[in-house]
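# Reading the structure
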Amino acid sequence: MAQRLSGNSSLVLPHPECCEVNQLHHTRCTQCQVAYCSSECQDKARGAYHEVLCMGQSPPSPKHPLTILQDAWKSMHYPPESASITLIAKMIASIKQSRNKDDTIAQFNQFCQVPVNSEKQLAHKLLGEKFQGQLDILQGLLTNALFESCIETWFTADGLRRVFALIGMNGQGIGTSSLSVYVHNCDALNIPDDEREQLDSFIDQLYIDMEKESGSFLNCEGSGLYSLQSCCNHSCVANAEVRFNDGNSTLTVVALRDIEEGQEICINYLDECTRESSRHSRQKFLRENYLFECDCDKCKDQCDDPDKTSSEEEEEDEDGMEEDAS
């Protein structure tokens, strides 16, 4: 994983005993050499979408429409995650490859995908002017690579916005990163201080290299759509959370405290860094990414707080410290 995300095929991780990946189970497509964690995973992919997405050789031809699409995406690092274009391609491929296209389309249509909340006039950030040119480019490349007549509206400007909104509002980061497990195990090592400093420096540089090559890495193996999880509403004081207990893509919603019968199950849509930020920062993130304003108990309690983002508050604190020093 580290080799792929950093673009360094010769990368060797120190302390290999901290890596829990069992490479004996790994398999590859005999044509395009795409890797899978197991033969079971490969069989599922082949049956669902890989027959459409297989580029037939390794390395793939730079002129292949899917290669051109992926390279264009890499140059954009399009929000919300760099995995989005891969997920969209798999969605389209699963429809193209499906024996019952209507049923497969219906599965995707159950997800919220409206890019504008007409009630509160909150526009999804993907519709901002600075993204319009990129959407136009991706629309043409997707059409050239994967056009499917039964979902031809997906390949229009409005249709593509809706697909991106679907990913942005429903996509769940799959927290089974083998690298994050490796880093966690490295943190637990009992090693001398000088060796600890070298190891920490190596890991910091690895994350920098991965961001340059693959975009911001949030310790997720990818992004997926989960129909039941997407039905859970948000709360800044959620009573449940998403976990990946089985080390694969199987998602589990786990209660954080006792939940009474009839009580709504809520999860937190915010990432770990944003959860403890100011009310204004949390509301800004939720408006831009999920098109609603949170009215949970925590937000109600903080309704009289200043309308400042956490970064603005930090800047004010730093300015105050500088004045005290002078």
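This one's a predicted model, so the numbers in the text were calculated from it and none came from an experiment.

### Comments concerning helix α4 (residues 84-97)
Taking 1.5 Å per residue as the helical rise, α4 with its 14 residues ought to reach 20 Å, and the 20 Å between its terminal C-alpha atoms agrees with that figure. Within α4, eleven of the 14 residues are buried, which leaves the element mostly enclosed by the surrounding structure.

### Observations concerning the pattern of salt bridges
Counted by the stated rule, this structure contains seven salt bridges. In this structure, D43 engages R46 in a salt bridge whose closest nitrogen and oxygen atoms are separated by 3.0 Å. Note that D43 and R46 are positioned in helix α2 (residues 39-53) at a spacing of three residues, about one turn of the helix. Its relative accessible area of 37% is what places R46 among the partly exposed residues. Ionic pairing is found between K284 and E288, a salt bridge with its closest N-O pair at 3.0 Å.

### Thoughts on unusual backbone geometry
Residue P59 follows S58 across a cis peptide bond; omega there is -5 degrees. Within the secondary structure, P59 is located in the loop between α2 and α3 (65-76). For Q33, which is not glycine, the phi dihedral falls at a positive 65 degrees. For Q33, the position within the fold is in the loop between β1 (27-28) and β2 (35-36). The backbone phi angle of L291 is positive, close to 65 degrees, even though this residue is not glycine. For L291, the location among the structural elements is in the loop between α10 (279-290) and α11 (297-301).

### So, the environment of Q57
Looking at the secondary structure, you find Q57 in the loop between α2 and α3. In this structure, the C-alpha to C-alpha distance between Q57 and C32, residues 25 residues apart in sequence, is 4.4 Å. The contacts of Q57, once residues within four sequence positions are left out, are Q31 and C32. Within the structure, Q57 has its side chain in polar contact with the backbone oxygen of P59 (distance 3.2 Å).

### Topic: empty space enclosed by the protein
Under the counting rule described, the total for this entry stands at one cavity of 30 Å³ or more. Space inside the largest cavity adds up to approximately 30 Å³. Lining the largest cavity are Q132, L135, D136, Q139, A157, L160 and R161. If you tally residues by element for the lining of the largest cavity, the top one is helix α6 (residues 129-146), at four residues.

### Structural notes on the nonpolar core
What tends to happen in soluble globular proteins is that the nonpolar side chains get buried as a cluster. With 34 residues, the main nonpolar core has M91, I92, L138, L142 and W154 as its most contacted residues. Breaking this core down by element, the ones donating at least two residues are α2, α3, α4, α5 (101-109), α6 and α7 (157-170). With eight residues, the top contributor of residues to this core is α4. Of all hydrophobic cores here, the second largest spans 14 residues; its members include Y269, L270, L286 and Y290.

### Section: the packing of aromatic side chains
Tallying each qualifying case throughout the model produces seven aromatic pairs. Pairing Y269 with Y290 gives two aromatic rings, centres 4.7 Å apart and planes at 45 degrees, and the pair type is tilted. Here the residue Y269 occupies a position in the loop between β10 (266-267) and α10, and Y290 occupies one in helix α10, the gap between them amounting to 21 residues. Taken individually, Y269 and Y290 each receive the classification buried, so the pair is uniform in this respect. Through pairs of rings, three or more aromatic residues link up here, namely Y269, F285, Y290 and F292.

### Focus: α7
Helix length check: α7 (14 residues) gives 20 Å between terminal C-alpha atoms against 20 Å at 1.5 Å per residue, within 8%. Most of α7 is tucked away, with ten of its 14 residues classed as buried.

What counts, and at which threshold
- Residues numbered from 1 in each chain as written.
- Predicted model: local features only at pLDDT ≥ 70, side-chain atom pairs only at ≥ 80, totals over all residues.
- Heavy atoms only, no water.
- Helix = DSSP H or I, 4+ residues; strand = E, 2+ residues; numbered from the N terminus.
- Expected span 1.5 Å × (residues − 1).
- Buried < 20%, exposed > 50% of the residue type's maximum accessible area, 1.4 Å probe, protein only.
- Salt bridge = Lys/Arg side-chain N within 4 Å of Asp/Glu carboxyl O.
- Contact = heavy atoms within 4.5 Å.
- Polar contact = N/O pair within 3.5 Å; in protein donor to acceptor, adjacent residues only side chain to side chain.
- 1 Å grid on protein atoms, 1.4 Å probe; cavity = no way out; pocket = protein on both sides within 12 Å on 5 of 7 lines; lining within 4 Å.
- Points joined across faces, edges and corners; volume = space filled by probe spheres on them.
- Core = buried A, V, L, I, M, F, W, Y, C linked by side-chain atoms within 4.5 Å.
- Phe/Tyr/Trp six-rings, centres within 6.5 Å; stacked < 30°, edge-to-face > 60°.

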